[in-house]
Amino acid sequence: MRRILFLLMLICIFSSLLHLYSDEFLDKSYAEEFFKQGVIHYNHQEYEAAIEFLRKSLGKAPDDMNTRYFLGMSYYRAGFEENALFEFNAIIENEKSDIILKNLVSQLINFINVKQVAAQQRKKSNDYALNLELNGNPIGRYYLTKVTGIDVDDTGNIYAAGFGSKIALKLSPEGVPLQQYVHPKITPGRLYDIAVNSRGDVYISDFTNDTVYTFTNSGKYIKNIGTSGFDEGQFFGPTSLALDRDDNLYVIDSGNMRIQKFTPDGEFLLSFGKKGTADGDFGHPAGIAVDFRGRIFISDNGKKTIGVYDKSGNFIAYLEGGDLENPFGISLAETNRLVVSDNESIKTYDILHSSWTRIDTDDRLSRVLDAKIDHLGQIIACDYDRDTLL
């Protein structure tokens with residue numbers, strides 16, 4: 001009997017150790033994979049995506065200081081300097097951190113601190129301060145920060161999605177808040193883009209939660225389109241949105257490196273695209289627009305091109321010229337003009353005459369991620385680096 005009990009005890013101990021080892025092995029594997037994906041996004045200057053993966057990696061391996069370093073650098077490159085300082089200080093305080101890494105991080109901390117002091121001194125002599133634009137924040141009782149996507153309706157109202165502040169607003173042409181798009185059932189993540197259709201319905205992509213929210217214009221929640229995954233109708237980091245003349249919805253599914261098309265009610269229609277170097281393949285699709293003929297224009301800041309596709313997603317050609325550096329948002333103005341956000345500049349492309357024009361913005365922009373032209377011919381742009389909506 002004692003032998004049996006002893007054997008049972010050994011089996012229990014062995015099972016516990018095996019289970020513990022298995023959990024540790026899985027955590028390490030997940031951490032390595034998340035870290036790898038985070039570094040890939042970081043090297044492609046996709047800092048917001050890098051943050052999501054590196055945070056997941058750190059959750060599995062909290063003592064990995066290399067992961068914490070890349071997370072801090074991603075925060076810094078994305079403009080979240082306080083978050084970056086938190087991660088860098090954690091490296092300094094960790095006794096196991098490599099001395100070379102500590103020295104490097106110390107230099108970064110000093111640089112950011114000096115930069116912040118200088119920025120505070122400069123604000124005093126400016127007509128407006130950072131975060132004080134619509135020209136400003138706060139906008140009413142809302143703080144709208146790190147805007148990555150905007151849209152305008154036929155009456156000039158502006159719709160904006162705040163990647164940093166995790167809110168989406170409808171604003172009057174003068175910048176007065178008219179509507180916030182929220183619902184008790186929704187815990188928004190990083191909101192990336194916003195689009196309003198001819199019925200006034202509002203679509204908002206959530207990069208973190210892998211879905212697109214649908215609201216009425218008055219703020220009533222309708223439904224979610226898509227869930228996390230890799231199948232048709234599912235997303236892995238949805239970003240830019242576009243609508244065609246029939247109000248069909250197009251979504252850049254960035255993590256799955258494809259475009260998905262849905263009916264106005266959210267029924268899946270088709271998907272196309274893949275990562276690659278061949279003509280028509282994607283490097284990093286960033287913006288999307290659809291003209292009255294159903295042709296799809298996709299800005300690719302990985303390839304630094306604008307690709308043209310037919311309504312079924314078949315590749316047609318790349319637009320020539322433009323000297324594009326880092327194209328992001330793309331939209332349609334009137335019926336034959338494209339508006340392209342390209343680093344600190346805004347460029348337009350005349351589809352009929354195949355000609356480019358660079359718009360003079362008087363050096364007021366730094367990193368434009370989206371731009372629209374309203375019914376009066378006025379340009380509305382969001383500047384991610386300067387955290388302004390102009």
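Computed from a predicted model, the values in this text were never measured in an experiment.

Peer 1: Any chance you could break down the overall build of the protein for me, citing the residues and the numbers?
Peer 2: Scanning the protein from terminus to terminus reveals five helices and 23 strands. Every one of the 390 residues in the protein was classed for burial, and the buried ones make up 52%. In the protein, 42% of the contacts between residues at least 6 apart in sequence involve partners at least 24 apart. Just so you have it, the protein exposes about 19,800 Å², and 52% of that area is on carbon and sulfur atoms.

Peer 1: Let's hear about the sheet that holds strand E13 (residues 285-290): which residues, and what values?
Peer 2: Sheet strands pair via backbone hydrogen bonds, and the direction of the pair is either parallel or antiparallel. The strand order across the open sheet built from four strands is E13-E14-E15-E16, with neighbouring strands paired in antiparallel fashion. Edge positions in the open sheet fall to E13 and strand E16 (315-318), since each of these has one partner strand only. Across the sheet, the axes of successive neighbouring strands diverge by a mean angle of 25°, strand direction being ignored. Direction of pairing for strand E15 (residues 305-309) relative to E16: antiparallel, over a ladder of three bridges. Bridged to glycine 307 within E16 is tyrosine 318.

Peer 1: Summarise the nonpolar core; cite the residues concerned and give the values.
Peer 2: Counting 30 residues, the largest nonpolar core has Tyr69, Phe88, Ile91 and Val105 as the members making the most contacts within it. Those elements giving two or more residues to this core turn out to be helix H2 (47-60), helix H3 (65-78), helix H4 (81-93) and helix H5 (99-123). Ignoring sequence-local partners within four residues, the contact set of valine 105 consists of Tyr69, Phe88, Ile91 and Ile92. Ranked by size, the runner-up nonpolar core spans 14 residues in total, among them Leu144, Leu169, Cys382 and Leu389.

Peer 1: Go over the sheet that holds strand E1 (residues 147-152), please, and point to the residues and values.
Peer 2: As summarised here, the arrangement of the four strands in space is E1-E2-E3-E4, forming an open sheet in which the pairing is antiparallel. Because the sheet does not close on itself, it has two edges, and the strands there are E1 and strand E4 (177-180). The mean inter-strand angle of the sheet, taken between neighbouring strand axes irrespective of direction, is 25°.

Peer 1: Residues and numbers for the pairing of strand E5 (residues 191-196), please.
Peer 2: Of all six residues in E5, six are buried, a share of seventy percent or more. The pairing of E5 with strand E6 (residues 202-206) spans four bridges and is antiparallel. If you follow isoleucine 194 over to E6, its bridge partner there is isoleucine 204. Adjacent in sequence and paired antiparallel, E5 and E6 are bridged by five residues, among which glycine 200 carries a positive phi angle near 95°.

Peer 1: Before we move on, could you go through the pattern of salt bridges and cite the residues and values that matter?
Peer 2: Inspection of the entire model under this criterion finds ten salt bridges. The residue aspartate 265 makes a salt bridge to arginine 199 at a minimum N-O spacing of 3.7 Å. Of this pair, aspartate 265 sits in the loop between strand E11 (258-262) and strand E12 (268-272) while arginine 199 sits in the loop between E5 and E6; the two residues are 66 residues apart in sequence, bridging distant segments of the chain. Among the residues examined, aspartate 265 registers a relative accessible area of 48% and is labelled partly exposed. Ionic pairing is found between aspartate 342 and lysine 347, a salt bridge with its closest N-O pair at 2.9 Å. Grouping residues by exposure puts aspartate 342 and lysine 347 together as buried.

Peer 1: Residues and numbers for H4, please.
Peer 2: Compared with an ideal rise of 1.5 Å per residue, which puts 13 residues at 18 Å, H4 spans 18 Å between its outermost C-alpha atoms and is within 8% of the ideal. What H4 keeps buried is the set Glu81, Ala84, Leu85, Glu87, Phe88 and Ile91. Looking straight down H4, one finds that the buried residues subtend no more than 165° of arc, so they occupy a single side. Exposed side of H4, more than 90 degrees from the buried face: Glu82, Phe86 and Glu93 are the residues found there.

Peer 1: Could you give an account of the packing of aromatic side chains, with specific residues and numbers?
Peer 2: Both the distance between ring centres and the angle between the ring planes are used here to describe each pair of aromatic rings. Applying the stated criterion across every chain, the model contains 17 aromatic pairs. For the pair tyrosine 69 and phenylalanine 70, a centre-to-centre distance of 5.6 Å together with 75° between the ring planes defines the contact as edge-to-face. For tyrosine 69, a relative accessible area of 17% gives the class buried. Its relative accessible area of 21% is what places phenylalanine 70 among the partly exposed residues. Ring geometry for phenylalanine 262 and phenylalanine 268: centres 6.0 Å apart, planes at 75°, overall edge-to-face. Put simply, the rings of Phe35, Tyr42, Tyr69, Phe70 and Phe88 touch in pairs and so form one group of aromatic residues. Sitting above the plane of the phenylalanine 53 ring, lysine 56 keeps its charged end 5.6 Å from the centroid.

Peer 1: Give a description of the environment of isoleucine 359 that names residues and reports values.
Peer 2: Mapped onto the secondary structure, isoleucine 359 falls in strand E20 (residues 355-359). In this structure the C-alpha to C-alpha distance between isoleucine 359 and isoleucine 346, which are 13 residues apart in sequence, comes to 5.6 Å. In this view, isoleucine 359 contacts Ile346, Thr348 and Ile379; residues no more than four positions away in its chain are not counted.

Peer 1: Help me get a handle on the environment of threonine 216, residues and values and all.
Peer 2: Assignment of secondary structure puts threonine 216 in the loop between strand E7 (211-215) and strand E8 (221-225). If we skip the residues at most four places from it in the chain, threonine 216 touches Tyr181, Gly200, Asp201, Val202 and Ile222. At a separation of 3.1 Å, a polar atom in the side chain of threonine 216 contacts the side chain of serine 218.

Quick notes on the rules
Each chain has its residues counted from 1, running along the sequence as written. Given that this is a predicted model, residues contribute local features only at a pLDDT of at least 70 and side-chain atom pairs are listed and counted only at 80 or more, while totals for whole chains, interfaces and linings are drawn from all residues. As a rule here, side-chain values come from all non-hydrogen atoms in the structure, and water together with hydrogens is ignored. Each helix is a run of H or I in the DSSP string that is no shorter than four residues. Each strand is a run of E no shorter than two, and both are numbered from the N terminus. Buried residues are those whose accessible area, probed at 1.4 Å on protein chains only, stays under 20% of the maximum for their type, while exposed residues exceed 50% and partly exposed ones sit between those limits. Contact definition: two residues touch when any of their heavy atoms are within 4.5 Å. Using a 1.4 Å probe, accessible areas were evaluated by the Shrake-Rupley method; residue-level cover was limited to the displayed protein chains. Note: two strands are recorded as paired if DSSP finds a minimum of 2 bridges between them. An axis is simply a line fitted to the C-alpha atoms; with a helix, the fit covers only the stretch in contact. Between two such axes, the angle follows the N-to-C directions and lies from 0 to 180 degrees. Only buried Ala, Val, Leu, Ile, Met, Phe, Trp, Tyr and Cys residues count toward a nonpolar core, and they belong to the same one when joined by side-chain atoms within 4.5 Å. Each reported salt bridge corresponds to a side-chain nitrogen of Lys or Arg within 4 Å of a carboxyl oxygen of Asp or Glu. What a helix should span is 1.5 Å times the count of its residues minus one. When we speak of the arc, we mean the arc of directions from the helix axis to the C-beta atoms. Planes of paired rings set the category: under 30 degrees apart is stacked, over 60 is edge-to-face and the rest tilted, where pairs are Phe, Tyr or Trp rings (Trp by its six-membered ring) whose centres lie within 6.5 Å. Throughout this description, the term charge over a ring refers to an Arg CZ or Lys NZ atom that lies within 6 Å of the ring centre and within 35 degrees of the ring normal. Contacts described as polar in this section are N or O atom pairs within 3.5 Å, which, within protein, must combine one atom able to donate a hydrogen with one able to accept it, while residues neighboring in sequence count only if both atoms come from side chains.

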